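Topology and contacts: notes
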Amino acid sequence: LFVMLAVLFVQALVFAGVILYGGTIEELNNNSFEILNQRVTGRKNYLQNEAIQRWSNLAKFEHDIQGKINSFLQEKDINNSKFQQEQDLAYEFLERVVEDAIFVIRQRMVTGAFIVLNGENGEQCPGIYIRDLDPLFNPNDNSDLIMEIGPSAVARKAGICLGRSWMPQFILSEEDDNFDFYYKTMWAAKEHPDAAISDLGYWSRPFKLDEYDVEVITYSVPLIDEKGNPYGVIGIDLTLDYLRKMLYFDEIVGNKQGVYLLGIWDEEDMAFENVLSSGPMFKKFVGDESQIVFKQDPRYANIYKLQTDRTSETIYGCIHRLKLYNTNTPFENDNWVLAGVVDENSLLKPTKNIKLFVMIALFVTLVVGIIGVIFAGMWFVKPITSLVRELGASNPEEAIVLEKTNITEIDDLALAIEAMSSKVADSASRLSRIIGMVNIPIGAFEHDLSEDKVFCTSAFFNIVGIETDDRESSYISSEYFHNILKNIKKHPEHDLEDIYRYQREDGSITWIRLKIQQDSDKILGILEDATREIKDKRKIEYERDHDLLTGLINRRAFQMQVTKKLHEGDIKIAASVMWDLDNLKYINDTYGHDYGDQYIKAAAKTLSELKVYNSIVARMSGDEFYAFIYGYQSKQEIREIVEIMQEKLYNTTMCMPDGAVFRIRASVGMAWYPDDSESYDELIKYSDFAMYQIKNNVKGKIGEFNRESYNKNSFLLHDKEKLNRFIDEELVEFVFQPIVDAKNGSVFAYEALMRPQIDTLKFPIDIIKLAHSQSKLYDIERIVWFKAMEAFEEQRKAFGDAKIFINSIPNYILSDEDLQLFENRYKSDLHRIVVEITENEQVTKKKQHNVVRWNSQLALDDFGSGYNSEIALLVFSPSFVKIDMTIIRDIDSDSNRQELFKNLLSYAKNRHIKTIAEGIETKAEMHTLIEFGVDYVQGFYLGKPSMIPQQISPKIAREIYEKNN
């Protein structure tokens, strides 16, 4: 009963909570706010449309007045100045335009129209002001019109009555805000002479023409003569009563508790200057205050809370701006707005009703539910209680007969209890304790230490493989039972708790989970057949630790086993050996991956024979295998083992579908324990490096780790990604070293020298070596050409007329596509390029062809450093040879170098080839070279490479000049 009541109560609370706190109430509130926002928006749009399209649309009125004033001035043959001085002329003109004013009132459905002309006296201005207090009523004559200001003769002629406070002309005072409709309009016309007439219009604050007049707001525009001088204003007025009728406050909320406010808003201070209001609740919300202030943060969209001390209620105002002025006009900062104001109780009344109904429904549901649950519980539980009482009073040692309850399920249970009662009687207590230990079918036993027998369930016998009859349980002697336990416990699984490997009488192997609980007088236990669990676990472990293709252990298992072996110590001399198959990519590409897999499996089968040599063998990745060979007295023993395996691999062949026969070839790298390292990670890294070096030099051989080579070239293995970044981002800058004319000391050319912009690859030779190892030298060639010329263009002014020497990568030339792009981009400067090549260049003809097509020149770099320098001169026919710095160094004091240099110089001059001496670092070297007749000199002594090409110092130039003279 308590559970059912709790469920009922929780269900009711959840229902109420979902409604009240699940977002429904907030959504209802937002709907109310949105409805308010939409209604105020609609009313604002209507009011704004009337103001723009109807009331302030005075273009025709202004045009007609302007036309008539111009015609009048021509007719009278006077100018505007004369016209303003003659009052009689102004009255005559007003008679002609009074009908225009009446037409505006009728057409625009406004409550008044006026025309004000500048007077001779600045504050006394002739004009007319006609009022129609009911624009919706239009008789055939002008009997509904009143002339508030204007000549009586004009009123009499037009059939218009004079107002109670009639004046013949406007008496205006600039200090009086009531006349802003005139003065502000005139000011706007004077301050903005280039503005359109419609952009100079002004909506005034409410005012009265006199104390007996009604409050109005006006819209006025200036009258401007042909010279751009304002000479009057025209406009319309709207009484506040007339406007108030257009603000249907009862549309805001259903109970007519809303208020419309029309006013001018200071958005920064959230201050609302009230112009007019509609709705009886205005006094309650605002009182007599002329200015209303709202809180800064909106509650929803354009809805703000009102700051007021008049009431404790929360008041909301939905504020929408009326766009009465265009942007960049004199009065654009007058923010006319319409606000719909309503108190929170009226606005959110639907939400509060929902809350009330939910609470009522919750209360009613709980009351009805509690009553129903109590009666249902009493009806259902009563027969069960009676049955339980009867069962509790029965004797478990005798057959039980239970009274029927007429509840089908309970009666079926009673029959089952009756059928089992005889069997349960003698073992109920023991089985309840055993079964209480687990909740699944499982073998169990109980041994009362005071007895010589043990109770066992039938599952116990099934698990240990002992045949029994079909009884649910049985007793066996304690001696027999403990012999079974002893046999089970012989072979524990050390890495698994309470698991034992057990061999049954029929020879089959099973795994048993055994748990025993012993107290002072009894032993209780359960056992479970865990064979399937263990086999699944072993299978998962095997798949986790072995490569499925080859059956060898994988990287993870290899690391674990080798690390364990290293920690055990006393492994004497050992080696980390890496095999990398050489032909796998070719087989995959030519015959498909199935044959590639066969190639891998054949290699793995051969390498698995290493296990007889104290080895741990693994497949690490696609074509890489590792072995850790340990426990030997000398390195030579291990070398012989590796050589044996290399021979076996080479003697292993595969026949391909096309009849081709492939031998398995692999490159091998070795690192020694403990000489090279005692760390697993370092041994792997070092053997990987040794393999990498041998594979990039002579494939299919065995290489051993060399620390000196590693310290020098390890970046070739570990900086692959940095090279990719260098190429992708073109992380290089070029500096320029001057090549100087040895005769006059002028700069003849600059050599562009690459400076990599990456931390670990500072020198160009590192980039070249790494790119060569990764087969990416073409990318370097492309970067050199494009980036060198890009730097040349940036420093064109500093270059002057000098040439640029660019070092081309040996045996690489730009592709046709890149060459076309290069030529198009630097077409005008190709003749200034000198292409530097080396004597081991093999694509000579293509580069020579480019040199001829560009009208540029060829230079042979590092001349004299190789064995084929003279032959290279014959093959390349260069314009320049750059004599290697190994010959130049200390040439001033080394007679052998001097003799060699003279021979090279003579050889070059006989073939009309200019010579350039590289690497000059001292004055003595430079003087010696000039004496021998070298054409050009280059080196740190004359100028170091720099981003901006530099001239040589006057001192060096003077030394060259003096040496030649």
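Look above for the structure.
The structure presented is a predicted model; accordingly, all values stated were derived computationally and were not measured.

What counts, and where the lines are drawn
- Residues numbered from 1 in each chain as written.
- Predicted model: local features only at pLDDT ≥ 70, side-chain atom pairs only at ≥ 80, totals over all residues.
- Heavy atoms only, no water.
- Pairing = 2+ DSSP bridges.
- Helix = DSSP H or I, 4+ residues; strand = E, 2+ residues; numbered from the N terminus.
- Contact = heavy atoms within 4.5 Å.
- Axes fitted to C-alpha atoms, helices over the stretch in contact; angles between N-to-C directions.
- Buried < 20%, exposed > 50% of the residue type's maximum accessible area, 1.4 Å probe, protein only.
- Arc of directions from axis to C-beta.
- Patch = residues over 30% accessible without salt bridge, like charges linked within 9 Å, V, L, I, M, F, W, Y side chains within 5 Å.
- Areas by Shrake-Rupley, 256 points an atom, 1.4 Å probe, with all protein chains shown as cover.
- Salt bridge = Lys/Arg side-chain N within 4 Å of Asp/Glu carboxyl O.
- Lys, Arg positive; Asp, Glu negative; His and termini not counted.
- Charge placed at Lys NZ, Arg CZ, Asp CG, Glu CD.
- Core = buried A, V, L, I, M, F, W, Y, C linked by side-chain atoms within 4.5 Å.
- Polar contact = N/O pair within 3.5 Å; in protein donor to acceptor, adjacent residues only side chain to side chain.

Hydrogen bonds along the backbone pair up the strands of a sheet, which may run parallel or antiparallel. On the basis of which strands lie adjacent, the open sheet formed by seven strands has the order 5-4-3-1-9-8-7 and mixed pairing. Two strands close off the open sheet at either side, each with one partner strand: strand 5 (161-167) and strand 7 (202-203). Two strands pair when backbone bridges link them, and strand 1 (residues 112-117) and strand 3 (residues 127-131) are joined in this way by five bridges, in the antiparallel orientation. Residue pairing in the sheet places Gly 112 in a bridge with Arg 131 of strand 3. Across the face of the sheet, helix 3 (residues 59-76) comes into contact with strand 1, strand 8 (216-224) and strand 9 (230-239) while running at roughly 145° to strand 9. Packing against the sheet, helix 7 (residues 180-191) makes contact with strand 1, strand 7, strand 8 and strand 9, and its axis sits at approximately 135° to strand 9.

A few words on the environment of Gly 17. Here Gly 17 shows up in helix 1 (residues 2-21). Its relative accessible area of 23% is what places Gly 17 among the partly exposed residues. Note: C-alpha distance between Gly 17 and Val 358 (341 residues apart in sequence) is 9.8 Å.

Within the closed barrel, the six strands sit side by side as 10-11-12-13-14-15. Their pairing is antiparallel. Neighbour-to-neighbour, the strand axes of this sheet turn through a mean angle of 45°, independent of strand direction. By the bridge criterion, two bridges tie strand 12 (residues 291-294) to strand 13 (residues 303-307) in an arrangement that is antiparallel. In the sheet register, Phe 294 faces strand 13, and the bridge partner there is Leu 306.

Within the span of helix 18 (residues 584-591), buried status applies to Leu 584, Ile 587, Asn 588 and Tyr 591. Taken down its axis, helix 18 places every buried residue within 105° of arc, on the same side. Structural note: helix 18 exposes Lys 585 and Asp 589 on the side pointing more than 90 degrees away from its buried face. Residues of helix 18 that are buried make contact with strand 22 (573-581), helix 19 (593-607) and strand 26 (661-663).

Next up on the list: the pairing of strand 12. Every other side chain in a regular strand lies on the same face of the sheet, so the side chains alternate between the two faces. Where burial is concerned, the two faces of strand 12 differ: the one with Ile 292 and Phe 294 is buried and the one with Gln 291 and Val 293 is not. Here strand 11 (residues 271-278) pairs with strand 12 via three bridges, running antiparallel. Paired with Ala 271 across the two strands is Val 293, which belongs to strand 12.

Position of Gln 693 among the secondary structure elements: in helix 21 (residues 680-695). Taking the C-alpha atoms as reference, Gln 693 lies 7.5 Å from Gly 703; in sequence the two are ten residues apart.

A word on the environment of Ile 217. Following the sequence through the fold, Ile 217 ends up in strand 8. Note on Ile 217: relative accessible area 3%, which makes it buried. When the C-alpha positions of Ile 217 and Asn 31 are compared, they lie 35 Å apart, and in sequence the two are 186 residues distant. Once residues lying within four places of it in the same chain are set aside, the contact partners of Ile 217 are Trp 203, Ser 204, Arg 205, Pro 206, Ile 236, Asp 237, Leu 238, Leu 240, Leu 243, Val 275 and Trp 336.

Let's shift gears to a negative patch on the surface. Among the surface-exposed residues, Asp 266, Glu 267, Glu 268 and Asp 269 lie close enough to one another that they form a single negatively charged patch. Its location among the elements puts Asp 269 in the loop between strand 10 (259-266) and strand 11. You can call Asp 269 exposed: its relative accessible area is 51%.

Turning to the nonpolar core, a few remarks are in order. Trp 55, Phe 83, Ile 130, Trp 203 and Trp 336 are the most contacted members of the largest nonpolar core, which has 74 residues in total. A total of ten residues in this core trace back to one element, the largest contributor, which is helix 5 (residues 87-108). Aside from chain neighbours lying at most four places away, what touches Ile 130 is Val 98, Ala 101, Ile 102, Ile 105, Thr 111, Gly 112, Ala 113, Leu 145, Ile 146, Met 147 and Ile 160. Leu 819, Leu 858, Ile 887 and Val 934 belong to the second-largest nonpolar core, a separate cluster that totals 69 residues.

What follows concerns the pattern of salt bridges. Counting across every chain of the model gives 49 salt bridges. Residues Glu 148 and Arg 131 are paired through a salt bridge, measuring 3.8 Å at the closest nitrogen-oxygen approach. Residue Glu 148 is located in strand 4 (residues 146-149), and its partner Arg 131 is located in strand 3; the two are separated by 17 residues in the primary sequence. Here the two residues Glu 148 and Arg 131 agree in accessibility, since each one is buried. Here the salt bridges do not stand alone but share partners, grouping Glu 75, Lys 76, Glu 92 and Arg 96 into one network.

The subject of this paragraph is the side chain of Ser 687. Mapped onto the secondary structure, Ser 687 falls in helix 21. For Ser 687, the side chain forms a polar contact with the main-chain oxygen of Ile 684, separated by 3.0 Å.

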